[in-house]
Structures are given as C-alpha cells and as structure tokens.
Amino acid sequence: MGKLVIVGTLAFDAIETPFGKTDSILGGAATFIGLAASHFNIDAAAVSVVGGDFPQEYMDLLSSKNIDLSGVEIIKEGKTFFWKGRYHNDMNTRDTLVTELNTLADFDPTVPSEYKNAEFVMLGNLHPLIQASVLDQMSETPKLVILDTMNFWIDNTYDDLLTVIKRVDVLTINDEEARQLTGEYSLVVAARKIHDMGPEYVVIKKGEHGALLFHNKHVFYAPALPLEEIFDPTGAGDTFAGGFAGYLAKTGDISFDNIKNAIIYGSALASFCVERFGTERMIHLERSEVHDRVMQFKQLTQFNIELT
Ligand code: AMP
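These notes cover the structure that comes with them. As the structure is a computational prediction, the values presented were derived from the model and not from experiment.

With respect to the overall build of the protein
Of regular secondary structure, the protein possesses 11 helices and 14 strands. For 308 residues, the compact-globule formula gives about 19 Å, and the C-alpha radius of gyration of the protein, at 18 Å, lands near that figure. Overall, the C-alpha framework of the protein stretches about 70 × 45 × 40 Å when taken along its three principal axes. The 308 residues of the protein split such that 56% are buried. In the protein, the share of contacts with a sequence separation of at least 24, taken over all contacts with a separation of at least 6, comes to 67%. Put simply, the protein has 25 plus and 43 minus side-chain charges, and the middle of one group is 3 Å from the middle of the other.

Here it is in structure tokens:
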C-alpha cells in the first residue's frame, strides 16, 4: 500500500442545478478527492489552504475520514476559495459564475515531511505552479503522479500548465477541456496530443457518458452507470480522480490492466457523488455500497459473443 498526497482546493461552493440551489457548502477538489480516496483505507494527506472562515466542523469531518490535514494551512485573516456554478438542463455542462481565489492566490504549499516520500501524488485542480511546487518537494520520484485540471487554469495559466503536465504520468481531464487544451475536436487526436505533452496515460472524462483511457495505441472505455437520481454533478470529476488514485495507491500496481480497474472504481465512486448536493452522498457512503456498484459496472459491460 502506498501513501497518497492530495493537492487541491478546500472550498465553499454555491451550486445551482435544475433541481435546486445551495448557499455556500463544503466543496473543493481536495475535499472530493479525499472523500473518495478514503474508501481505500490508505494513508492520505491533503495539501491545501483555507481562511479563518472555514468551519472547524469541515476539518473534523475530513479528519474523521482519515485524511491527514497537517498540510492544510489556515490563514486566520483570509477567506476560503469560493466557487459558484450553474448547471444547464442536460446537467453535463455548466457555467462558472464566480471564482474567488482568496487565500489560494498566494498559497505556497508545504508537503508534510512524512509524505515527502509518498509513492502516489494526486495533483488536483488548482494553480499549476502550486501543483509543480508539490512535485518539487517530493524527496523521491513518486511511482505515479496524476494531474487534474479545468478550464479556468487552461484559460489563465496555459504555459505553466504545460510545464507541469510534462512532469506527470496521468492526466485526467473532461472532454471539453481536452478539446480546449489541444485545439482538437476528436478526443482520439486530443489524447495523442496530450501524450506528446508528457503523460503516458490520458483519462478523458465524459460526464454521464463515462470515461476513456488512452495509453499509446490502447483505448479502454468505462461507461457511467445509468442512474435514476442525478441532483448535482459537482465534484464528480474529482471524486473519479480520488477513486482512481486511491485504488492505485491501495493496490500499488500501475499496470495498464490495473489502471483499467482504477477507472472502474473511480466511475463507481463518482456515480454516488451526483446523487445528492455537494459532498452529502460521499460523506455517508458505506463500503458495501461501493462494492455492490462495482459489481453493477461489471454486469453492465460484460457479454459473451460468438461471431457468426
Ligand atoms: P468537478 O465538478 O469535479 O469539476 O469539481 C468541482 C469542484 O472544483 C468544486 O467543488 C469547486 O470548489 C472546485 N473548483 C471550481 N473551480 C476551481 C478552480 N478554478 N480551481 C480549483 N478548484 C476549483
């Protein structure tokens, strides 16, 4: 079992979907990644920053899930990162209405000393220079570095993003962002261009249409589970990434076949995330529910065919 470093935002989110809206609730990439990874009972630490307005109750919640928070800086006089988004009727696309970086704007991350030799690093969505600084602090080359990003950083920090992407093994990104990053409509061509930027594995998330894994000439596809209840897709991408990274850290096996399994675990965990607003569903998720859903994924895609 490998240790996992998780970098990303701890945030307040205000969300509007066709089913309702929330005021500021707990969100952030590191939150969703941590909650998903915690299902694998691994040693995981979050590296992030919050303001004095971030409730102790949220910190306690993350600690109770066995997420080491010694790498979370609290700036008492500062404000926590805030994001507001509105989903379209198809729930697969959204508009960002507000992004307030607040304490994140000047954040200089510190990886806790006992995590500097972690084998797995999940660089969640935030400023690429912060992602790079975390890599710089690792005392040994990690076994696997995974990076996730989004349109905000592609728009605002393109060159820095390309520099850090060069240093990672796996890029997870959604379909629109893959197109934006590469200027290519075809996801196959986009994945090839991303390979050329550095990552050996490219995971393209397609929301309710599942996820694609590209590795050299190999392609693997995991569907998303057809769900009855979809209330809020916020955090599904991060939950996917957390499940993916957590599973690999737990098993320690980074072969292509096992990375396919990690995609299934990531997809299974993400399928829960969307069933309630924010983190609500992930907080109360039982291990047996995850197991049942992984088996549902297996049944969904298994068939015996004979050529006639
Ligand atoms: P996802 O739905 O998986 O793409 O992630 C949504 C989460 O990302 C929300 O909880 C937000 O707090 C967080 N988020 C939104 N915009 C940014 C950004 N520019 N940088 C880092 N995190 C963000």
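Considering the sheet that holds strand S9 (residues 120-123)
Taken in spatial order, the nine strands make up an open sheet running S6-S5-S1-S9-S10-S11-S12-S13-S14, and their pairing is mixed. Lying at the two open borders of the sheet, with one neighbouring strand each, are strand S6 (67-75) and strand S14 (218-222). For this sheet, the mean inter-axis angle between neighbouring strands, taken without regard to orientation, is 15°. As judged from the five bridges shared by strand S12 (residues 201-205) and strand S13 (residues 211-215), these two strands associate in the antiparallel manner. Bridged to Val202 within S13 is Phe214.

Thresholds applied
Residues numbered from 1 in each chain as written. Predicted model: local features only at pLDDT ≥ 70, side-chain atom pairs only at ≥ 80, totals over all residues. Heavy atoms only, no water. Helix = DSSP H or I, 4+ residues; strand = E, 2+ residues; numbered from the N terminus. Rg over C-alpha atoms; globule rule 2.2 N^0.38 Å. Buried < 20%, exposed > 50% of the residue type's maximum accessible area, 1.4 Å probe, protein only. Contact = heavy atoms within 4.5 Å. Lys, Arg positive; Asp, Glu negative; His and termini not counted. Charge placed at Lys NZ, Arg CZ, Asp CG, Glu CD. Pairing = 2+ DSSP bridges. Axes fitted to C-alpha atoms, helices over the stretch in contact; angles between N-to-C directions.

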